[in-house]
Amino acid sequence: EVIPDKTALIVLDMNYVCAHRDYGIGPRFEIIGLPSDYFYDRIEGTVIPNIQKLLSFFRENELKVVYTTMGCEREDMSDLPETWRIAYPKIGYNKSRQGTKEFEIREEIKPQAGEPVILKKSSGAFATSNIHQVLQNRGVDTLVLTGVESDCCLYNTAIEANDRGYKVIVIDDAATTLTETGHRILLYTYGA
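Structural notes, computed from the coordinates. (Residues numbered from 1 in each chain as written. Predicted model: local features only at pLDDT ≥ 70, side-chain atom pairs only at ≥ 80, totals over all residues. Heavy atoms only, no water.)

**Remarks on the overall build of the chain**
Cut-off, in case you're wondering: The secondary structure listing takes helices from DSSP runs of H or I that are at least 4 residues long and strands from runs of E that are at least 2 residues long, numbered from the N terminus. A 1.4 Å probe rolled over the protein chains alone gives each residue an accessible area, and that area as a share of the maximum for its type sets the label: buried under 20%, exposed over 50%, partly exposed in between. A contact between two residues is defined here by any heavy atoms of the two lying within 4.5 Å. Calculation of accessible area relied on Shrake-Rupley with a 1.4 Å probe; when residues are assessed, cover is drawn exclusively from the protein chains displayed. Positive charges come from Lys and Arg alone, negative charges from Asp and Glu alone, with His and the N- and C-terminal ends not counted. All charge positions are set by atom: Lys at NZ, Arg at CZ, Asp at CG, Glu at CD.
Looking only at helices and strands, the chain has 7 helices and 5 strands in total. The helix and strand sequence of the chain, counted from the amino end, reads β-α-α-α-β-α-β-α-β-α-β-α. Seen along its three principal axes, the alpha-carbon backbone of the chain occupies a region of about 45 × 35 × 30 Å. The 192 residues of the chain split such that 50% are buried. Contacts in the chain between residues at least 24 apart in sequence constitute 74% of all its contacts with a sequence separation of at least 6. Total accessible area on the chain stands at roughly 9000 Å², and carbon and sulfur atoms take up 47% of it. Here the chain carries 21 positive and 28 negative side-chain charges, and the mean point of each set is 3 Å from the other.

What follows is the structure, given as structure tokens:
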């Protein structure tokens, strides 16, 4: 059973470093030999428009909205797990700190006053942030997951949420990852 007052829309990692072709890994796709058309075309043509619809619904009905943003607090990245300190510079995430464009949520779906933006320093939102406490303080027991990347951050966040007793709904056309196959992995797991 989904109780609207106990449900939160989670907009996961739709900050510029993760979800815009001109920031973070975007400019590196060609260098590392990965195709980027599927990922960014889906973000721009499908994911953002559907997150906008969900945001409108949640806001019009005074329901809860929570954002995460991938990044770090310290320029030397010493606040990240060691594996991420190694990976971040290679994929451009080391530039995602508060006050930078990379850290900001995309303009088309930016947060409104009162909607928390939680700094996330790992693929799963629960491992390195206070999201569980934020959700508990708001009486949330059901998460509606959107954002990027399906087979990494959404997948791990969904698993961590289930482990903490949350009901999880993944919105197929409001999420994506680098490939359609990767996106389907999450959907097959959660029956989205």
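Next comes the rest of the account.
**Section: helix 3 (residues 37-60)**
This is how the line gets drawn: To estimate how far a helix should extend, the number of its residues minus one is multiplied by 1.5 Å. To get the bend at a given residue, fit one axis to the seven residues ending there, fit another to the seven starting there, and take the angle between those axes.
The terminal C-alpha atoms of helix 3 lie 33 Å apart, and with 24 residues this matches the ideal 34 Å at 1.5 Å per residue to within 8%. Of all the bends in helix 3, the largest measures some 45° and sits at Ile43. Looking one or two residues past helix 3, Glu62 carries a phi angle of roughly 55°, positive in sign.

**Observations regarding the side chain of His20**
Considering the arrangement of structural elements, one finds His20 in the loop between helix 1 (16-19) and helix 2 (29-32). Among the residues examined, His20 registers a relative accessible area of 14% and is labelled buried. Not counting residues within four places of it along the chain, the set of residues in contact with His20 comprises Asn15, Gly26, Tyr40 and Arg106.

**Quick notes on the pattern of salt bridges**
Here is the rule we go by: Salt bridge, as used here: a side-chain nitrogen of Lys or Arg that lies within 4 Å of a carboxyl oxygen of Asp or Glu.
Counted by the stated rule, this structure contains 9 salt bridges. For Asp13, the salt bridge goes to Lys120, with nearest N and O atoms at 2.8 Å. Of this pair, Asp13 sits in the loop between strand 1 (7-12) and helix 1 while Lys120 sits in strand 3 (residues 117-120), and the two are 107 residues apart along the sequence. A relative accessible area of 0% means that Lys120 is categorised as buried. Among the ionic pairs, Arg21 bridges to Asp41, the shortest N-O distance being 3.1 Å. In this pair, Arg21 sits in the loop between helix 1 and helix 2 while Asp41 sits in helix 3, placing the two residues 20 residues apart along the sequence. The class of Arg21 is partly exposed, set by a relative accessible area of 27%. What emerges from the salt-bridge pattern is a single network uniting Arg21, Asp41 and Glu44.

**Side note on the state of the cysteines**
The cut-off we apply is this: What counts as a disulfide here is a pair of cysteine sulfur atoms lying within 2.5 Å.
Per the counting criterion, the structure on display carries 0 disulfides. A disulfide-free cysteine, Cys152 has its sulfur positioned 4.1 Å from the sulfur of Cys153, the nearest such atom. Overall, Cys152 belongs to the partly exposed group, its relative accessible area being 24%. On the basis of relative accessibility, which here comes to 5%, the residue Cys153 falls in the buried class.

**Brief notes about the packing of aromatic side chains**
So the rule is basically this: Paired rings are identified among Phe, Tyr and Trp, the last through its six-membered ring, by centres lying within 6.5 Å, and are further divided according to the angle between planes into stacked (under 30 degrees), edge-to-face (over 60) and tilted (the rest).
If you walk through the whole model with that rule in mind, you get 4 aromatic pairs. For the ring pair Phe39 and Tyr40, a centre distance of 4.7 Å and an interplane angle of 65° mean the geometry is edge-to-face. You'll find Phe39 and Tyr40 in the same group, each marked buried. For the pair Phe57 and Phe58, a centre-to-centre distance of 6.0 Å together with 75° between the ring planes defines the contact as edge-to-face.

**Brief notes about the sheet that holds strand 1**
The line we're drawing: We treat two strands as partners when DSSP finds at least two bridges between them. For helices, the fitted axis covers only the stretch in contact; all axes are lines through C-alpha atoms, and the angles between them, taken along N-to-C directions, range from 0 to 180 degrees.
The sheet built from 5 strands is open, its strands ordered 3-2-1-4-5 with parallel pairing. The strands lining the two open edges of the sheet, one partner per strand, are strand 3 and strand 5 (167-176). Taken over all neighbouring pairs, the strand axes of this sheet differ in orientation by 25° on average, direction set aside. Pairing analysis gives 4 bridges linking strand 2 (residues 64-70) to strand 3, with the strands arranged parallel. Within the sheet, the bridge partner assigned to Met70 lies in strand 3 and is Lys120.

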